[in-house]
Amino acid sequence: MGRILAIDYGRKRCGIAVTDPLKLIAHALETVPTAALDAYLADYFQREEVETVVVGLPLQMDATPSESTRYIEPFVNRFRKQYPQIPLERVDERFTSKMAFQTMLDAGLKKKKRQDKGLVDALSATLILQTYMQKQV
């Protein structure tokens, strides 16, 4: 049984979240510099069985692709060529960064910790993964 891995792809860094092997719980894994993402995934796939990869789909309020799409699509295409055996799904990521920030506020994190953009990215990946998992039920 493989895990589901989610990526909140960004120009500078990518938040990574993953499920447990039973696919019951989503949790933030870490934040990786975008330039190192391909190597990170290759290493992770060697160590862990991944059943599906979920990548955030950046949309504007009117559901048209946002400007960020042009940075993400090359990665998505490269991934599909490199790992044709791993299904790649897309999930609307509107509001995930705002929701991640609100989650940090609700958790009572201090201002310095809330300014950690890597933490926001990892939490955003977790929210993308949770959204995907809820749609599978």
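Shown above is the structure to which this text applies.
These figures come from a predicted structure and were not determined experimentally.

Caption draft 1: Summary view of unusual backbone geometry. Despite not being glycine, Lys23 has its phi angle at roughly 60°, a positive value. Secondary-structure assignment places Lys23 in the loop between β2 (13-19) and β3 (26-33). A residue is classified by how much of its surface remains accessible, and Lys23, at 21% relative accessible area, is partly exposed.

Caption draft 2: Expanded view of the sheet that holds strand β4 (residues 50-57). Here 5 strands make up an open sheet; going across it, the order is β3-β2-β1-β4-β5 and the pairing mixed. Of all the strands in the sheet, just β3 and β5 (88-92) have a single pairing partner and so form its edges. Sheet twist, expressed as the average angle between the axes of neighbouring strands with direction ignored, equals 25°. Across 7 bridges, β2 lies against β3 in antiparallel orientation. Paired with Gly15 across the strands is Thr31, a residue of β3. Where helix α1 (residues 37-47) meets the sheet, it contacts β1 (3-8), β2, β3 and β4, and its direction lies at approximately 135° from that of β3. Seen against the sheet, helix α2 (residues 69-82) touches β1, β4 and β5 and runs at an angle of roughly 155° to β5.

Caption draft 3: Main features of the nonpolar core. Counting 22 residues, the largest nonpolar core has Ile7, Leu41, Phe45, Val53, Phe75 and Phe79 as the members making the most contacts within it. Listing elements by their share of this core, those giving two or more residues are β1, β2, α1, β4 and α2. At 5 residues, α1 tops the list of elements feeding residues into this core. Discounting chain neighbours no more than four positions away, the residues touching Ile7 are Cys14, Gly15, Ile16, Leu37, Leu41, Val53, Val54, Val55, Gly56, Phe75 and Ile128. Judged by nonpolar contacts, the second largest core, of 11 residues, contains Val91, Ile128, Tyr132 and Met133.

Caption draft 4: Inspection of the packing of aromatic side chains at higher detail. Throughout the structure, instances matching the rule amount to 6 aromatic pairs. Judged by centre distance (6.1 Å) and plane angle (75°), the ring pair of Phe45 and Phe79 falls under edge-to-face. Of this pair, Phe45 sits in helix α1 while Phe79 sits in helix α2; the two residues are 34 residues apart in sequence, bridging distant segments of the chain. Grouping residues by exposure puts Phe45 and Phe79 together as buried. Geometrically, the ring pair formed by Phe75 and Phe79 is tilted, given 6.1 Å between the ring centres and 45° between the ring planes. Highlighted residues: Phe75 and Phe79, both in helix α2, separated by 4 residues, approximately one helical turn. Of the two residues, Phe75 and Phe79, neither departs from the other in class, the shared state being buried. Members of the aromatic cluster, each reached through a chain of ring pairs, are Tyr9, Phe45, Phe75, Phe79 and Tyr83.

Definitions and limits used
- Sequence order as written defines the numbering, with residues in each chain counted from 1.
- In keeping with the predicted nature of the model, local features appear solely for residues at pLDDT of at least 70, side-chain atom pairs appear and are counted solely at 80 or more, and the whole-chain, interface and lining totals rest on all residues.
- Water and hydrogen atoms play no part in the side-chain values, which are based on all heavy atoms of the structure.
- Helix numbers and strand numbers start at the N terminus; a helix is a DSSP run of H or I with at least 4 residues, a strand a run of E with at least 2.
- Accessibility here uses a 1.4 Å probe with only protein chains present; expressed as a share of the type maximum, an area under 20% marks a residue as buried, one over 50% as exposed, and anything in between as partly exposed.
- Two strands qualify as a pair provided that DSSP identifies no fewer than 2 bridges between them.
- Comment: axis = line fitted to C-alpha atoms, over the contacting stretch for helices; angle = value between 0 and 180 degrees taken between N-to-C directions.
- The contact definition used throughout considers only heavy atoms, calling two residues in contact when any of these lie within 4.5 Å.
- To form a nonpolar core, buried Ala, Val, Leu, Ile, Met, Phe, Trp, Tyr and Cys residues must be joined to one another through side-chain atoms within 4.5 Å.
- Any two of the Phe, Tyr and Trp rings considered here, Trp counted by its six-membered ring, make a pair once their centres fall within 6.5 Å; the pair's planes then place it as stacked at under 30 degrees, edge-to-face at over 60, or tilted in between.

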